[in-house]
Amino acid sequence: MKILVCISNVPDTTSKINFTEGDTKFDTSGIQFVINPNDEFGLTRAMWFKEKQGATVHVATVGEASTEPTIRKALAIGADEAIRVDAAPADGFFVARQLAEVVKNGGYDLVIAGRESIDYNGGMVPGIMAALLDMNFVNTCISLEVDGNNATAVREIDGGKEKVSTTLPLIIGGQKGLVEESDLRIPNMRGIMMARQKKLNVVPPVDATPATKETRFEKPAPKGEVKLVDADNVGELVELLHNEAKVI
Amino acid sequence: MKPDLFESPDYFMLDDLLSEEHKLVRDATRQWVKRSVSPIIEEYAQKAEFPKELLGGLAEIGAFGPYIPQEYGGAGLDQISYGLIMQEIERGDSGIRSTASVQSSLVMYPIFAYGTEEQKKKFLPKLATGDLIGCFGLTEPDHGSNPSGMVTNFKDKGDHYLLNGAKLWISNSPFADIAVVWAKNEEGRIHGLIVERGMEGFSTPETHNKWSLRASATGELIFDNVKVPKENLLPGKNGLGAPLGCLDSARYGIAWGAIGAAMDCYDTALRYAKERVQFGRPIAATQLQQKKLAEMITEITKAQLLAFRLGQLKNEGKATTAQISMAKRNNVEMAIKIAREARQVLGGMGITGEYSIMRHMMNLESVITYEGTHDIHLLITGADITGIPAFS
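Residues numbered from 1 in each chain as written. Chains lettered and ligands numbered in written order. Predicted model: local features only at pLDDT ≥ 70, side-chain atom pairs only at ≥ 80, totals over all residues. Heavy atoms only, no water.

Turning our attention to the overall build of chain B. In terms of helices and strands, chain B carries 10 helices and 10 strands. A compact globule built from 392 residues should have a C-alpha radius of gyration of about 21 Å, and chain B, at 21 Å, falls within 12% of that. With respect to the principal axes defined by its C-alpha atoms, chain B has extents near 80 × 45 × 40 Å. For chain B, with 392 residues in total, the buried portion stands at 58%. Across chain B, the fraction of contacts at a sequence separation of at least 24, relative to all contacts at a separation of at least 6, is 75%. Treating the 42 positive side-chain charges of chain B as one cloud and the 48 negative ones as another, the clouds have centres 4 Å apart. (Helix = DSSP H or I, 4+ residues; strand = E, 2+ residues; numbered from the N terminus. Rg over C-alpha atoms; globule rule 2.2 N^0.38 Å. Buried < 20%, exposed > 50% of the residue type's maximum accessible area, 1.4 Å probe, protein only. Contact = heavy atoms within 4.5 Å. Lys, Arg positive; Asp, Glu negative; His and termini not counted. Charge placed at Lys NZ, Arg CZ, Asp CG, Glu CD.)

As structure tokens, this is what we get:
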């Protein structure tokens, strides 16, 4: 089984988000970039397929040279080979179009993408890829087993879970549940050294016009101050809820 | 124990001097420390017990012999990577760093540098995977700063050596599988011997009631007519220079490790000072707290630059014993002073196990003494610049 894990290079979840150029550009200064968490769950599951079922695991990202440390980390964790499409990820459509080309050229049986990236939260890439490639698609995937050409997946749905069976080639939009946070791997020193020798292929982007354009970013309004009311003072709480918050 | 919110200070953008690989090594170790060390370390320190459960993790991330070549089970990383690993582990706890230091610099290094090919193949891969844990016996009850006065000795008995003597203050000794022991032969020349647990007459009693390195196991090595096979002698180097070569490597790691402890104390104090409100404003707004914090980050930055440059020199094979002494001495003193100041910033909270500061402070009392005391390192610098040793 040949697996491609699609990896997005995103700001660390603890980053302080700011914008520049009149709120039209994300300010990357001082930002630590990491593997998108939803992709990392997928990568960890792919490593399981590698170790238990002899799968070959490639990773791909759409990004400029500055994203290489992130993809190098995926190689250090154990992926066999990496592909970087040398272009800034303009929007979900653009990224999906580039990754679809990688999938087409690589002949993958299974493509694991994150359900969404935690930076722009578009949630479009795996679905658009599946449409472009006419491949089977399971989104919000929280469990995946593969037996020969058959796959069994569990997806999260409103208020429950749905178990589906399908066949390869398959694209999934994965998330936590594929593996748990405690299963996520930390690259070890030997892995880091071995990553040096692994192939990181840089390929030019294919022509694709982004479908959207960012015009302005806006941060959510800051949270209001919290008033603490002593547990013994229910009267004051009721008074505040009634007269100040006006919710009762 | 509070959640580990550590953020690394990098005031002079030293990250720009590191390669992507260095950063990956550093971040991976940091991630492991946050995941595996921080949640448990305080409890082990409180009960004065070594967390053996961390041995597998230390081996798995590659903290045992990271600069030993891959053919012997190491990762073949450079010296700056080794330093960064030590920094990050000591950010968690000096005792855990000590275990990794001893295994790497004092056990794997002498076997790699002075051992036969058979010894390297027999011991190094198992030491790298943690299947074997080692310790290092140089210090004796009556010979600390003066190791050349050691009385531990071995006699050639034809088909084996007969080893007698005792070593003290040995990290890892209570559970180590092997010990690299320095002893004098009949001519009074110092040699290294690999002593294996189970050899008759070899015992390793634990040293109890420490107020420092409480999450690390320390003990003695006692040799009572121990028959050591001849193939366990390290033939590559003899004389005091052989164990001192190991200490150069370990002290180098300590120079980096101390920065980790200092960074953790500074980061904790800075966060606390910004959150703790007195007189209607955060204590970080007061001049006396700012003075403490500003001096801390200044000293950390200087120590980082010293360690980085030393790492470059070590990579080029140019670092001298005296340079390593200076860095070890400076950086450990820097860390212990920062721990004390940071404790003050936290007021009463600083003495509790809720925060790591007091544990670091107590640990550093050992770190400033072992691997060459604070005073001896000054004399090494003194001897180096004047050409006149003051300790002989």
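The rest of the description comes next.
The next thing to look at is the environment of Asn238 of chain B. All names here are of chain B. As for its placement among the helices and strands, Asn238 is situated in the loop between strand 8 (233–234) and helix 6 (241–275). Assessed through its relative accessible area of 30%, Asn238 is described here as partly exposed. Separated by 56 residues in the primary sequence, Asn238 and Trp182 have C-alpha atoms spaced 9.4 Å apart. With residues near it in sequence (within four places) discarded, Asn238 still touches Arg189, Ile190 and His191. A polar contact of 2.7 Å, which involves the side chain of Asn238, links it to the side chain of Arg189. (Polar contact = N/O pair within 3.5 Å; in protein donor to acceptor, adjacent residues only side chain to side chain.)

The next point concerns the UniProt feature "domain: Acyl-CoA dehydrogenase/oxidase C-terminal" (unreviewed entry) in chain B. The UniProt record annotates "domain: Acyl-CoA dehydrogenase/oxidase C-terminal" (unreviewed entry) at residues 238–383 of chain B. As a span, residues 238–383 of chain B carries 75% helix and 3% strand, and end to end its C-alpha atoms are 23 Å apart. (UniProt positions renumbered as here; feature names shortened; annotations may be inferred.)

The next point concerns the UniProt feature "domain: Electron transfer flavoprotein alpha/beta-subunit N-terminal" (unreviewed entry) in chain A. Taking the UniProt record as the reference, the feature "domain: Electron transfer flavoprotein alpha/beta-subunit N-terminal" (unreviewed entry) is found at residues 23–212 of chain A. With 32% helix and 32% strand, residues 23–212 of chain A has end C-alpha atoms that lie 17 Å from one another.

Let us now look at the pairing of strand 8 (residues 110–114) of chain A. Residue and element names in this part refer to chain A. Among the 5 residues of strand 8, 5 are classified as buried, and the element is accordingly described as predominantly covered. In strand 8, alternate side chains face the same way, and those of Leu110, Ile112 and Gly114 on one face and Val111 and Ala113 on the other are all buried. Note: strand 8 against strand 12 (residues 170–174), 5 bridges, orientation parallel. For Ile112, the partnering residue across the bridge sits in strand 12 and is Ile172. (Pairing = 2+ DSSP bridges.)

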